[in-house]
Amino acid sequence: VVRISAFLERRSPTLVAALGITLLAAVASLDYHLDYRLSFFIFYLIPIAVISLYAGNAASVSFCALAAGVMTLTAHFSVGPFPDGLTAAWNTVANFAACVVVAYLLRRLKTHLALIDNLQRNRLIDHAAAALVGTCQQCFQALEAERPIPSIAHGDSGCPAALNEPRRRTPA
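Q: I'd like a description of the pattern of salt bridges, backed by residues and values.
A: Inspection of the entire model under this criterion finds two salt bridges. Salt-bridge contacts for Glu9 lead to Lys110; the nearest nitrogen and oxygen are separated by 2.8 Å. Of this pair, Glu9 sits in helix H1 (residues 2-9) while Lys110 sits in helix H5 (residues 85-133), placing them 101 residues apart in sequence. Asp35 is paired through a salt bridge with Arg37; the nearest N and O atoms lie 2.9 Å apart. Judged by its relative accessible area of 65%, Arg37 is exposed.

Q: With reference to specific residues and values, describe a nonpolar patch on the surface.
A: Judged by side-chain polarity, Leu30, Leu34 and Leu38 come together as a nonpolar surface patch covering roughly 280 Å² of accessible area. The class for Leu34 is partly exposed, based on a relative accessible area of 42%.

Q: Tell me about the nonpolar core, residues and numbers included.
A: Counting 21 residues, the largest nonpolar core has Val16, Leu24, Tyr44, Ile48 and Cys99 as its most contacted members. When residues of this core are traced back to their parent elements, those giving at least two are helix H2 (13-33), helix H3 (41-54), helix H4 (57-79) and H5. For this core, the element with the highest residue contribution is H3, accounting for seven residues. In contact with Val16, not counting residues within four places along its chain, are Leu8, Arg11, Val50, Ile51, Tyr54 and Ala55.

Q: Break down the side chain of Thr72 for me, citing the residues and quoting the values.
A: Note that Thr72 resides in helix H4. If sequence neighbours within four positions are ignored, Thr72 has contacts with Phe82, Ala88, Asn91, Thr92 and Asn95.

Q: Go over the environment of Ala49, please, and point to the residues and values.
A: Take Ala49: it is sitting in helix H3. By relative accessible area, Ala49 is classed as buried at 19%. It is 8.4 Å that separates the C-alpha atoms of Ala49 and Ser60, two residues lying eleven residues apart in sequence.

Q: How would you summarise the packing of H2 against H4 if you had to cite specific residues and measurements?
A: Running from N to C, H2 and H4 point in directions that differ by 20 degrees, and their axes come no closer than 10 Å. Considered as vectors, H2 and H4 are oriented roughly parallel to each other. Of the two elements, H2 crosses H4, and the hand of that crossing is right-handed. Judged by residue contacts, Gly20, Ile21, Leu24, Ala28, Asp31 and Tyr32 of H2 engage Phe63, Leu66, Ala67, Val70, Thr74, Phe77 and Ser78 from H4. Grouping the amino acids of the contact of H2 with H4 by side-chain chemistry returns nine nonpolar, three polar and one charged.

So, how was this worked out
Residues numbered from 1 in each chain as written. Predicted model: local features only at pLDDT ≥ 70, side-chain atom pairs only at ≥ 80, totals over all residues. Heavy atoms only, no water. Salt bridge = Lys/Arg side-chain N within 4 Å of Asp/Glu carboxyl O. Helix = DSSP H or I, 4+ residues; strand = E, 2+ residues; numbered from the N terminus. Buried < 20%, exposed > 50% of the residue type's maximum accessible area, 1.4 Å probe, protein only. Patch = residues over 30% accessible without salt bridge, like charges linked within 9 Å, V, L, I, M, F, W, Y side chains within 5 Å. Areas by Shrake-Rupley, 256 points an atom, 1.4 Å probe, with all protein chains shown as cover. Core = buried A, V, L, I, M, F, W, Y, C linked by side-chain atoms within 4.5 Å. Contact = heavy atoms within 4.5 Å. Axes fitted to C-alpha atoms, helices over the stretch in contact; angles between N-to-C directions. Parallel < 35°, antiparallel > 145°, perpendicular 65-115°, else oblique. Left-handed = near helix turned anticlockwise from the far one by under 90°. Nonpolar A, V, L, I, M, F, W, Y, C, P; charged D, E, K, R; others polar.

Purely geometric numbers; function is a separate question.
Here it is, written out as structure tokens:
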């Protein structure tokens, strides 16, 4: 998964869109040729995930509309015509809405994971720098007051982290 993600990150949105359309066609083909009683909606989310994570917001909304239309057409041709146009419209709108929600949540998840990764990288640098100095004067973030670095002697220098440390009793 990491290799696929790294590969897709380096590609242009146009190439990612072409890959998404190819995946959508493959899923639609399977959906058409297999038993209509089997729901393939979950498999339609695979190309939607690829587009939403690697091609951008506008492309993902457009692709969700395309996928919803393809799902409706596949159902129409594999099962037969819908009893009325309202049923087809309802199914298309419901599929579109579900796809947009999934695409939005995936984009938000990717953004938050990148922020967490960046924070973790910065935090490791802070730990390394503070451990080298070995004094609480080098607590680099206010976050350190909440989670003090164990290898630092915070002492009684007024550092907020010192207030959270248990007091050591000196032998009498």
